[in-house]
Amino acid sequence: GSMERQANTPLEFRLQQLHALLKMITERETDIATALKQDLNRVRYDTSLLELTGLENEIKLAIDKLSVWAAPRAVERSILTLSDQVYVRPQPLGVVLIIGAWNYPWALTLGPLVGAIAAGNAAVVKPSELSECSSLLLRALLPRYLDKDLYPVVTGGVSETQELLRQRWDHVFYTGSSSVGRLVMEAAAAHLTPVTLELGGKSPCYIHSDCNIRVVARRITWGKFVNCGQTCIAPDYVLCEPSVQNQLIDCIRLTLLEFYGADPKSSPDYGRIINQRHFNRILSLMEGYVPVIGGQSDASQRYIAPTVLRDVPPQSRLMQEEIFGPVLPLVAVSDIDDAIRFINEREKPLALYVFCTDQKGIEKMLEETTSGGVLVNDVLMHYTLSSLPFGGVGHSGMGSYHGKHSFEQLSHMRSCLVRSLAMESVNLSRYPPQDRRRARRARMAMRAFSSRLNIFRK
């Protein structure tokens, strides 16, 4: 806590830091891609596609819009405040702790930082220790580009993170699992610190029987197996009728051949599991099933083939915890109502994917379910749109960010009313001694005015 409580950096400084961050990402793209190749065996094109381009767009948007976001926002007045200035003035919270995630270690760590800088905060950045090369690279790079007093990088594991959480922050921004999310919120509660929790859960994917399954299979296969299934908004499992299951399996098999060739293990486009513990965890989830596609694995490489399992019982362990790997269970449902019931019996997911061409069916799904975000006829793409708030609900988290939403998440929206000492006669009816006449006059004046206001509003 050597940083003073009110960071409140001037707008020019914020812009300069945002430009520097953009410079870092563009200049160091090759180094970043190399680190991710080592951490996740990620092909370099996927890194620019899935992480860096989105980050660059976020930074450019913040640079472009900062003066508008940070400006006081006038709000509607009432009869009692007619001649006052009434506005909301965004203010920095102070010092933000950002705890990043290992699966997209740049986007999920620097994305929140863009919001913190734009809103005028100082921030301590804690990358995940599991994506080790990326974490060390970030620690080496960030101080070369950004103000190292205001935006230090702290590396380390569980004990370092626990030590950080014991400190007092003005906001904690955490991306990761629900179990750790609980610990973060508990630690923050000690200081009444607000939190943003970007968690995961099992994001369902419903496929209606009226779809072009070939196209559906291509989109789902991409969303599920990109980054080796280690994406918080990956489709976790598929709900569809048994007749759709058969077509889907054939089409996924075909799509996998197109994407990764006959042996995904030798494909440059197919990733690896982050570490041995997660490799073992995913394998244990698959135990007792005969895969209809894939199933092969190699511990020495932490390789698990793209795998599809069919007729998975809803009460199985595979259907209790987030898979976070390249395993896609297919669960049979009898119709759209059955699917909705299935989704609603479980925790609210971070994303919900609905494949359906019938407008009534789409509307029904949107109306009768809830999730952090929902996509119809595609996967993952809502994450790329800065105008949409990205975040969860219930067990999938709280708070949201991206674009203007990041700025607002990491600002205090301060209510301001500025009035004059003149025109005291207007206030007389509010003062004691009160009687029925005075109270009635005040009430009638307010009512008459609000009805007149409504005419103007039309």
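What comes next is a walk through the structure. All values derive from a computational prediction rather than experimental measurement. (Residues numbered from 1 in each chain as written. Predicted model: local features only at pLDDT ≥ 70, side-chain atom pairs only at ≥ 80, totals over all residues. Heavy atoms only, no water.)

Describing the environment of Ile304
Phase 1 of the analysis: Mapped onto the elements, Ile304 comes out in strand 10 (residues 303–304).
Phase 2 of the analysis: Judged by its relative accessible area of 0%, Ile304 is buried.
Phase 3 of the analysis: The spatial distance from the C-alpha of Ile304 to the C-alpha of Val158 is 27 Å, given a sequence separation of 146 residues.
Phase 4 of the analysis: With sequence-adjacent residues up to four places away left out, Ile304 is seen in contact with Cys228, Tyr270, Ile273, Phe279, Ile282, Leu283, Met286, Gln296, Ser297 and Pro326. (Helix = DSSP H or I, 4+ residues; strand = E, 2+ residues; numbered from the N terminus. Buried < 20%, exposed > 50% of the residue type's maximum accessible area, 1.4 Å probe, protein only. Contact = heavy atoms within 4.5 Å.)

What to know about helix 4 (residues 107–118)
Phase 1 of the analysis: For helix 4, built from 12 residues, the straight-helix expectation of 16 Å at 1.5 Å per residue is met to within 8% by its first-to-last C-alpha distance of 16 Å.
Phase 2 of the analysis: Of all 12 residues in helix 4, 12 are buried, a share of seventy percent or more.
Phase 3 of the analysis: Looking only at helix 4, the buried set comprises Ala107, Leu108, Thr109, Leu110, Gly111, Pro112, Leu113, Val114, Gly115, Ala116, Ile117 and Ala118.
Phase 4 of the analysis: Where helix 4 ends, the next residue or the one after it, Gly120, has phi of about 90 degrees, a positive value. (Expected span 1.5 Å × (residues − 1).)

What to know about the sheet that holds strand 12 (residues 327–332)
Neighbouring strands of a sheet are bound in pairs by backbone hydrogen bonds; such pairs are parallel or else antiparallel.
Phase 1 of the analysis: Ordered in space as 11-12-8-7-13-14, the 6 strands form an open sheet in which the pairing is parallel. The outermost strands of the open sheet, each flanked by one partner alone, are strand 11 (307–309) and strand 14 (373–376). With direction set aside, neighbouring strand axes in the sheet form an average angle of 20 degrees.
Phase 2 of the analysis: Examined bridge by bridge, strand 13 (residues 351–355) and strand 14 share 4 bridges and lie parallel to one another. (Pairing = 2+ DSSP bridges. Axes fitted to C-alpha atoms, helices over the stretch in contact; angles between N-to-C directions.)

Looking at the packing of aromatic side chains
Phase 1 of the analysis: Inspection of the entire model under this criterion finds 9 aromatic pairs.
Phase 2 of the analysis: Ring centres of Trp69 and Phe407 lie 5.8 Å apart, and the angle between their planes is 45 degrees; this geometry places the pair in the tilted category. Residue Trp69 is found in helix 3 (residues 44–70), and its partner Phe407 is found in helix 13 (residues 404–409); the two are separated by 338 residues along the sequence. This pair shows no difference in class: Trp69 is buried, exactly as Phe407 is.
Phase 3 of the analysis: Grouping aromatic residues by their ring pairs yields a cluster made of Phe173, Tyr383, Phe390 and Tyr401.
Phase 4 of the analysis: Over the ring of Phe342 we find Arg346, and its NZ or CZ is 3.5 Å from the ring centre. (Phe/Tyr/Trp six-rings, centres within 6.5 Å; stacked < 30°, edge-to-face > 60°. Lys NZ or Arg CZ within 6 Å of the ring centre and 35° of its normal.)

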